[in-house]
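Tertiary structure, described
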Amino acid sequence: MTTEDFSGFGLAEPLISALQKAKFTEPTPIQQQAIPAQLEGRDILGVAQTGTGKTAAFGLPILHHILGMQGRATPGCCRALVLAPTRELAVQIKDNFRVFADGAPVSTALILGGVARSGQVRAVKRGVDVIIATPGRLIDLMDDGVVHLDETRFVVLDEADRMLDMGFVQPVRKIVAALHPKRQSALFSATMPPEVRSLAESFLKDPLRVEVAPQATVIPKIEQRAELLDGPAKRGRLRDILNGEGVERTIVFARTKRGADRLGQNLVRDGIPAEVIHGNKMQNARQKALGKFRQGIVKTLVATDIVARGIDVPGITHVINYDLPDEAENYVHRIGRTGRNGAEGVAITLCAKDELPKLRAVEKIIGTELIPRVAGEPTKAKPRKRPGRPQRSAQPGAGRKPKQAAGDAPPKRNRRRRKPARPSAQAR
Ligand code: ADP
Ligand code: MG
């Protein structure tokens, strides 16, 4: 079925007018496929990168179903549950639901760690239509008998690969086991590693598989550059870049939380107002930092990979990788914060010599050489420990010790004369 605009789906009237208000005129490919199938009651397995419009793809059918239901949610229960890996994503999904349900009688509640439980407990006790949650706090409230999922008929696991990466396998399985057996489920994931596939198999019933490539119009609009420099030179270079013309809203990615803190302090010392966001900050500090950035009160946000995915702030002109990511795929997620909705964006990576192996790993993924090969460059990245599983209620990343803070001087190494690049085979 092809539908030119949202009115062809037969969505409830309040949703249609909210979409018009939000200037959603044409459904994205994943919405085209996933919305009608879910309206008919089918499960969905969505394989799609960020920026493809997944939130509306699962949000609109859920809201449509809820608007068609009689009465109110049972106290202590919710009619729909959306699980997201990070608090920021959960907040963003809730904001999206508020926009889609604009003015319609649908109640939503956020359940996430790092903030007081009392407000969440109160909201759930009354009964709520949609809970948007991160796994840890939800499990806490389930264990304490505050939340019951046995009446939950609509469930979404958003960014499932990320959720499992963060060690939420057990919590997610436990939550899934508590749900009503007759439910409609959707699972979205950017990648399909075996663990996600196995979760999908047990979680979904005869799902429609919806797969979309990242929108081709968006990707080429990100101009990617990398610079090879000595670690200690990064600070000055970053300052120059941020003071450059046309550099407006910018996210600077650091590898570790401590590194991000230090970078933020250095920027402020260098006369560049910046906010810092990472997993060890209190939730309200995280929201405040993101809020100031979103509103343009500060134009520089220093972040760890916790915001590499899914966070949608319009008008980000630049993404700067102050450190290379440990996981090469995160590069793609990081730079995807810019160039959104067809806007143009620039991604600049500052690469110290000892980070070259990580850069090469990134180049393999993107299929482009960012820095010509240098003679005698290290070929292997240092092995990296797998992150431990979080405690039951631990938030992602909390309590992990950084190995070496970004911004620390890199180990001294022999200077070698740089040879002209050998024309390397373009990575596939
Ligand atoms: P994903 O979850 O796949 O990363 P989002 O749901 O966050 O993507 O959507 C990405 C951006 O695109 C958001 O700013 C959202 O408001 C916008 N968007 C999504 N669908 C549409 C649409 N049909 N028309 C216009 N904008 C859209
Ligand atoms: Mg999303």
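See the structure shown above.
Basis of the calculations
Residues numbered from 1 in each chain as written. Chains lettered and ligands numbered in written order. Predicted model: local features only at pLDDT ≥ 70, side-chain atom pairs only at ≥ 80, totals over all residues. Heavy atoms only, no water. Helix = DSSP H or I, 4+ residues; strand = E, 2+ residues; numbered from the N terminus. Buried < 20%, exposed > 50% of the residue type's maximum accessible area, 1.4 Å probe, protein only. Areas by Shrake-Rupley, 256 points an atom, 1.4 Å probe, with all protein chains shown as cover. Contact = heavy atoms within 4.5 Å. Pairing = 2+ DSSP bridges. Axes fitted to C-alpha atoms, helices over the stretch in contact; angles between N-to-C directions. Parallel < 35°, antiparallel > 145°, perpendicular 65-115°, else oblique. Left-handed = near helix turned anticlockwise from the far one by under 90°. Nonpolar A, V, L, I, M, F, W, Y, C, P; charged D, E, K, R; others polar. Near = heavy atom within 4 Å. Polar contact = N/O pair within 3.5 Å; in protein donor to acceptor, adjacent residues only side chain to side chain. Arc of directions from axis to C-beta. 1 Å grid on protein atoms, 1.4 Å probe; cavity = no way out; pocket = protein on both sides within 12 Å on 5 of 7 lines; lining within 4 Å. Points joined across faces, edges and corners; volume = space filled by probe spheres on them. Right-handed = clockwise from strand over helix to strand, strands pointing away.

Within the chain one finds 14 helices and 13 strands. Expressed as a percentage of its 428 residues, the buried residues of the chain come to 54%. When the accessible area of the chain is evaluated, it comes to approximately 19900 Å², of which 50% is carbon and sulfur surface.

Turning our attention to the environment of M142. Summarising the element assignment, M142 is placed in helix α6 (residues 135–143). Once the C-alpha coordinates of M142 and G76 are considered, the two residues, 66 residues apart in sequence, prove to be 9.8 Å apart. In this view, M142 contacts V147, L149, K174, I175 and A178; residues no more than four positions away in its chain are not counted.

By definition, the strands of a sheet pair up through backbone hydrogen bonds, in either a parallel or an antiparallel sense. Read across the open sheet, the six strands follow the order β8-β13-β12-β9-β11-β10; overall the sheet is parallel. Both outer strands of the open sheet, β8 (222–228) and β10 (275–277), are each paired with one neighbouring strand and no more. Across this sheet, the average inter-strand angle for adjacent strands is 20 degrees, counted without regard to direction. With four bridges joining them, strand β12 (residues 316–321) and strand β13 (residues 345–351) adopt parallel strand pairing. Bridge assignment links H318 to a residue of β13, and that residue is V346.

Taken N-terminus to C-terminus, the directions of helix α3 (residues 54–67) and helix α4 (residues 87–100) make an angle of 50 degrees; their axes are 10 Å apart at the nearest point. With respect to each other, α3 and α4 are oriented oblique. The handedness of the crossing between α3 and α4 comes out as right-handed. Counted together, T55, A56, F58, G59, L60, I62 and L63 of α3 and I93, N96, F97 and F100 of α4 form the full contact between these two elements. Along the lines of polarity and charge, the residues of the contact of α3 with α4 split into eight nonpolar, three polar and no charged.

To continue, consider the environment of I16. Topologically, I16 is positioned in helix α1 (residues 13–21). Placed 44 residues apart in sequence, I16 and L60 show a C-alpha to C-alpha distance of 9.5 Å. Sequence-distant contacts of I16, defined by excluding residues within four places in its chain, comprise F6, S7 and L11.

Moving on, we come to the site of ligand 1. Among the 16 residues in the neighbourhood of ligand 1, the closest are listed as E26, Q31, G51, T55 and D312. Contact distances for ligand 1 include 3.1 Å between an oxygen atom and a backbone N or O atom of G53. Within the contact set of ligand 1, an oxygen atom lies 2.6 Å away from a side-chain nitrogen or oxygen of T55. Calculation on ligand 1 without its partners gives an accessible area of 560 Å², and the protein chains cover 84% of this total. When its residues are assigned to classes, the shell around ligand 1 shows three nonpolar, nine polar and four charged.

Those residues of helix α10 (residues 234–242) that fall on the buried side of the exposure criterion are K234, L238, I241 and L242. The buried side chains of α10 occupy one side of the element, clustering within an arc of 95 degrees when seen end-on. Here the buried face of α10 lies against β9 (249–253), α11 (257–269), β11 (300–303), β12 and β13.

Turning our eyes to something else, we now look at the packing of α1 against α3. Two elements in contact, α1 and α3, have axes whose closest approach is 9 Å; the angle formed by their N-to-C orientations is 145 degrees. Counting all contacts with α1, which are made through P14, L15 and L19, the residues of α3 involved are L60, L63, H64 and L67. Here the residues of the contact of α1 with α3 are counted per class, giving six nonpolar, one polar and no charged.

Here we take up empty space enclosed by the protein. Inspection of every chain in the model, using the stated rule, returns one cavity of 30 Å³ or more. Of the pockets and cavities examined, the largest cavity occupies roughly 60 Å³. Forming the boundary of the largest cavity are Q38, P61, I62, H65, F154, V155, V156, Q184, S185 and A186. Secondary structure elements with two or more residues in the lining of the largest cavity: α3, β5 (154–157) and β6 (184–189). Residue classes in the lining of the largest cavity are distributed as six nonpolar, four polar and no charged.

This next bit is on the pairing of strand β3 (residues 108–111). Pairing between β3 and strand β4 (residues 128–133): four bridges, direction parallel. Within the sheet, the bridge partner assigned to I111 lies in β4 and is A133. Handedness of the crossover joining β3 and β4 through helix α5 (residues 118–126) is recorded here as right-handed.

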